[in-house]
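As a plain string of letters, each chain reads:
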Amino acid sequence: VFSPLGEMLCSCSSDHTLRLWNTEGGECLLTLEGHEDKVICAEFDARGRNICSIAADGQVRLWRVMDGRCTKTLKKGLLESQVSCCCMSVIGPEQKSVVVCGCVDGNIVIIDVERNAKVVTLAGHAKAIKQLRFHPLKKELLCSSSSDGTLRL
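On a predicted model such as this, the values are computed, not experimentally measured, just so you know.

Asks: Can you walk me through the sheet that holds strand β1 (residues 8-12) in this structure?
Replies: Sheet strands pair via backbone hydrogen bonds, and the direction of the pair is either parallel or antiparallel. The strand order across the open sheet formed by three strands is β1-β2-β3, and the pairing between neighbours is antiparallel. Each edge of the open sheet is held by one strand with a lone partner, namely β1 and β3 (28-33). On average, each strand axis in the sheet is tilted by 20° relative to the strand beside it, whichever way the strands run. As defined by bridge partners, strand β2 (residues 17-22) adjoins β3 across five bridges and the pair is classed as antiparallel.

Here it is, written out as structure tokens:
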């Protein structure tokens, strides 16, 4: 996945790592280590300062881009189904950091990063969630697309 300004690329790997790449020169800038299973999804925040990643075992980690440090590991068990995609945002009047996980069962799970707790599970899709995106200006507006051929806001 590209950073918001396109200067970096983050790759996920079956060796349990993420790598940050310089898109101009192609060199590896950082290797992020800490997951215990293959990394299946990663996403930059809107400013490109943090990355959320999810491994096949359901572990969610947050990373600081400037030094590759894992800043938060969310507890396992927050997700009932395998994750297919993720995104992150800051929402609400309290400016809460959330990670949103799209799952293969068609559900979307919103996780409060600070509380390390599930906020809500959104149901509605009949098949796996393929992509999630927050509106660039209206941060509470989330779009999901699914293998069932539907988009939902």
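Next comes the rest of the write-up.
Asks: What exactly am I supposed to notice about the side chain of Arg 61 here?
Replies: Mapped onto the fold, Arg 61 is located in strand β6 (residues 60-64). Notably, Arg 61 is buried but unbridged: the nearest opposite-charge side chain belongs to Glu 36, and the N-O separation is 4.9 Å. Here Gly 34 takes part through its backbone oxygen, which lies 2.9 Å from a polar atom of the side chain of Arg 61. Of note is the side chain of Arg 61, whose polar atom sits 3.1 Å from the side chain of Gln 59. What Arg 61 contacts, discounting residues up to four positions off in sequence, is Gly 34, His 35, Ile 51, Cys 52, Ser 53, Cys 70, Lys 72 and Thr 73.

Asks: Hey, could you run me through the sheet that holds strand β14 (residues 151-152) in this one?
Replies: Pairing is antiparallel in the open sheet, where three strands are placed in the order β12-β13-β14. Because the sheet does not close on itself, it has two edges, and the strands there are β12 (129-134) and β14. Here strand β13 (residues 142-146) pairs with β14 via two bridges, running antiparallel. Residue pairing for β14: Ser 144 is matched across the bridge by Arg 152.

Asks: Mind showing me how you'd approach the layout of surface pockets here?
Replies: Where empty space is left in the structure can be found by rolling a water-sized probe over the atoms. The volume enclosed by the largest pocket comes to roughly 660 Å³. Asp 45, Ala 46, Arg 47, Met 88 and Ser 89 are the residues nearest the centre of the largest pocket, which is lined by 27 residues in total. Those elements that provide at least two residues to the lining of the largest pocket are β4 (39-44), β8 (83-91), β9 (96-103) and β12. Counting residues per element, the lining of the largest pocket draws most heavily on β8, at four residues. Taken together, the residues of the lining of the largest pocket break down into 13 nonpolar, seven polar and seven charged. Taken as a whole, the second largest pocket holds about 190 Å³ of empty space. Along its surface, the second largest pocket is lined by 15 residues, and Ile 108, Leu 122, Leu 142, Ser 144 and Leu 153 are the ones closest to its centre. Elements supplying a minimum of two residues to the lining of the second largest pocket: β10 (108-112) and β13. In the lining of the second largest pocket, the residues fall into nine nonpolar, four polar and two charged.

Procedures and definitions
Residues numbered from 1 in each chain as written. Predicted model: local features only at pLDDT ≥ 70, side-chain atom pairs only at ≥ 80, totals over all residues. Heavy atoms only, no water. Pairing = 2+ DSSP bridges. Helix = DSSP H or I, 4+ residues; strand = E, 2+ residues; numbered from the N terminus. Axes fitted to C-alpha atoms, helices over the stretch in contact; angles between N-to-C directions. Buried < 20%, exposed > 50% of the residue type's maximum accessible area, 1.4 Å probe, protein only. Lys, Arg positive; Asp, Glu negative; His and termini not counted. Salt bridge = Lys/Arg side-chain N within 4 Å of Asp/Glu carboxyl O. Polar contact = N/O pair within 3.5 Å; in protein donor to acceptor, adjacent residues only side chain to side chain. Contact = heavy atoms within 4.5 Å. 1 Å grid on protein atoms, 1.4 Å probe; cavity = no way out; pocket = protein on both sides within 12 Å on 5 of 7 lines; lining within 4 Å. Points joined across faces, edges and corners; volume = space filled by probe spheres on them. Nonpolar A, V, L, I, M, F, W, Y, C, P; charged D, E, K, R; others polar.

As far as function goes, none of this settles anything; it's purely spatial.
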